[in-house]
Amino acid sequence: MDNSSGVGVLDKAAIVLSALEAGPATLAQLVASTHLARPTAHRLAVALEHHRLVSRDMQGRFVLGPRLAELAAAAGEDRLLAAAGPVLGALRDHTGESAQLYRRQGDQRICVAAAEKQMGLRDSIPVGATLTMLAGSAAQILLAWEEPDRLHRGLQGAKFTATILSGVRRRGWAQSVGERELGVASVSAPVRGPSGRVIAAVSVSGPVERMSRQPGRLHAASVVAAANRLSDVLKKAEEA
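The rules behind the values
Residues numbered from 1 in each chain as written. Predicted model: local features only at pLDDT ≥ 70, side-chain atom pairs only at ≥ 80, totals over all residues. Heavy atoms only, no water. Phe/Tyr/Trp six-rings, centres within 6.5 Å; stacked < 30°, edge-to-face > 60°. Lys NZ or Arg CZ within 6 Å of the ring centre and 35° of its normal. Salt bridge = Lys/Arg side-chain N within 4 Å of Asp/Glu carboxyl O. Buried < 20%, exposed > 50% of the residue type's maximum accessible area, 1.4 Å probe, protein only. Pairing = 2+ DSSP bridges. Helix = DSSP H or I, 4+ residues; strand = E, 2+ residues; numbered from the N terminus. Axes fitted to C-alpha atoms, helices over the stretch in contact; angles between N-to-C directions. Contact = heavy atoms within 4.5 Å. Parallel < 35°, antiparallel > 145°, perpendicular 65-115°, else oblique. Left-handed = near helix turned anticlockwise from the far one by under 90°. Nonpolar A, V, L, I, M, F, W, Y, C, P; charged D, E, K, R; others polar. Patch = residues over 30% accessible without salt bridge, like charges linked within 9 Å, V, L, I, M, F, W, Y side chains within 5 Å. Areas by Shrake-Rupley, 256 points an atom, 1.4 Å probe, with all protein chains shown as cover. Polar contact = N/O pair within 3.5 Å; in protein donor to acceptor, adjacent residues only side chain to side chain.

## Considerations on the packing of aromatic side chains
Phase 1 of the analysis: Tallying each qualifying case throughout the model produces zero aromatic pairs.
Phase 2 of the analysis: When the ring centre of Tyr-102 is taken as origin, the NZ or CZ atom of Arg-109, which lies over that ring, is 4.8 Å away.
Phase 3 of the analysis: Positioned above the aromatic ring of Trp-145, the side-chain terminus of Arg-192 is 4.8 Å from the ring centre.

## Looking at the pattern of salt bridges
Phase 1 of the analysis: All told, the structure shown has eight salt bridges when counted by the stated rule.
Phase 2 of the analysis: Of the charged contacts in the structure, one is a salt bridge between Arg-92 and Asp-93, with a shortest N-O distance of 3.1 Å.
Phase 3 of the analysis: Judged by its relative accessible area of 17%, Arg-92 is buried.
Phase 4 of the analysis: A cluster of three or more residues bridged by salt bridges with shared partners is formed by Arg-104, Glu-146 and Arg-150.

## Brief notes about the sheet that holds strand β8 (residues 198-207)
Phase 1 of the analysis: Taken in spatial order, the six strands of this open sheet run β5-β4-β3-β8-β7-β6, and their pairing is antiparallel. The open sheet is flanked by β5 (130-132) and β6 (174-177), the only strands paired with a single partner. Neighbouring strand axes in the sheet, compared pairwise and without regard to direction, differ in orientation by 35° on average.
Phase 2 of the analysis: As paired strands, β6 and strand β7 (residues 184-192) are joined by four bridges and run antiparallel to one another. Note that in β7 the partner of Ala-174 across the bridge is Ser-188.
Phase 3 of the analysis: Packed onto the sheet, helix α5 (residues 137-144) meets β3 (98-105), β4 (108-115), β5, β6, β7 and β8 and runs at close to 165° relative to β8.

## Comments concerning the side chain of His-219
Phase 1 of the analysis: Tracing the sequence through the fold places His-219 in helix α9 (residues 215-239).
Phase 2 of the analysis: What makes His-219 buried here is its relative accessible area of 9%.
Phase 3 of the analysis: Look past the residues within four positions of His-219 in its chain and what remains in contact with it is Thr-95, Glu-97, Val-187, Val-204 and Met-211.

## Considerations on the packing of helix α1 (residues 8-20) against helix α2 (residues 27-34)
Phase 1 of the analysis: With their axes 10 Å apart at the nearest point, α1 and α2 run at an angle of 110° to one another. Relative to α2, α1 is oriented roughly perpendicular. Along this stretch, α1 crosses α2, giving a crossing that reads as right-handed. Listed contacts from α2 to Ile-15, Val-16, Ala-19 and Leu-20 of α1 are Leu-30, Ser-33 and Thr-34.
Phase 2 of the analysis: Classifying every residue of the contact of α1 with α2 gives five nonpolar, two polar and no charged.

## Considerations on a nonpolar patch on the surface
Phase 1 of the analysis: A cluster of nonpolar residues, Val-7, Val-9 and Leu-10, forms a patch on the protein surface that exposes about 270 Å² of accessible area.
Phase 2 of the analysis: Mapped onto the fold, Val-9 is located in helix α1.

## Examining unusual backbone geometry
Residues apart from glycine generally show negative phi values, whereas peptide bonds are mostly found in trans.
Phase 1 of the analysis: Phi at His-35 is positive, roughly 60°, even though this residue is not glycine.
Phase 2 of the analysis: Residue classification places His-35 among the exposed positions, given a relative accessible area of 72%.
Phase 3 of the analysis: The backbone of Arg-52 sits at a positive phi, close to 65°, despite the residue not being glycine.
Phase 4 of the analysis: Inspection of the secondary structure assignment puts Arg-52 in the loop between α3 (38-50) and β1 (54-56).

## Things to note about the side chain of Thr-34
Phase 1 of the analysis: Position of Thr-34 relative to the elements: it lies in helix α2.
Phase 2 of the analysis: The class for Thr-34 is buried, based on a relative accessible area of 8%.
Phase 3 of the analysis: Of the polar contacts made by the side chain of Thr-34, one reaches the backbone oxygen of Leu-30; its length is 2.7 Å.
Phase 4 of the analysis: Ignoring sequence-local partners within four residues, the contact set of Thr-34 consists of Ile-15, Val-16 and Ala-19.

Geometric descriptors of this kind do not, in isolation, establish any biological role.
See the structure below:
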């Protein structure tokens, strides 16, 4: 099958990206696997690095860059948000608390979907709200499975510790009590993309008086089930 598009430089760039799909590569390894001339392979890899489609690891080897993950996340955004409405609504109805879906954006997290309580205390987060990555159970979820260096950086100034995040990874959910806001408790669980990477966090939040000081005991199972439903939607969409 001819993989040529007729645009030579794009075809060669695609060959470089495909080669890096197998893992990190030195320039010599890139030349060997792509069969491109050394100057061409180097020029393309550096140009792709400029656009963050390629990056370098600690050893200076070429690796796939962060822009690819951002584009993949954007491609899955519509499917995730379409599924989030009914899932968050069911979670709210089951727990009696407001439910949210968060995604990380740099050093912050954004509420991209929510299901409010119909009446009573409105202590939930509006869609579009930008919150800190230094406190709260959703921040714990969005950081806990990061690469070690990003995790270490994310802990600087955080109200939670590496030990707490280790516990989050072990049990698969997080809880916080008065961590982000006094008097508010929350429980969160990870939504995973088809590759298994954590791409979002499902949460329920409410006053400590209702949620208690161990909110996970009340709501962890429901929050985890909701997050798993969203993960399944993304997985099935990928397989379709």
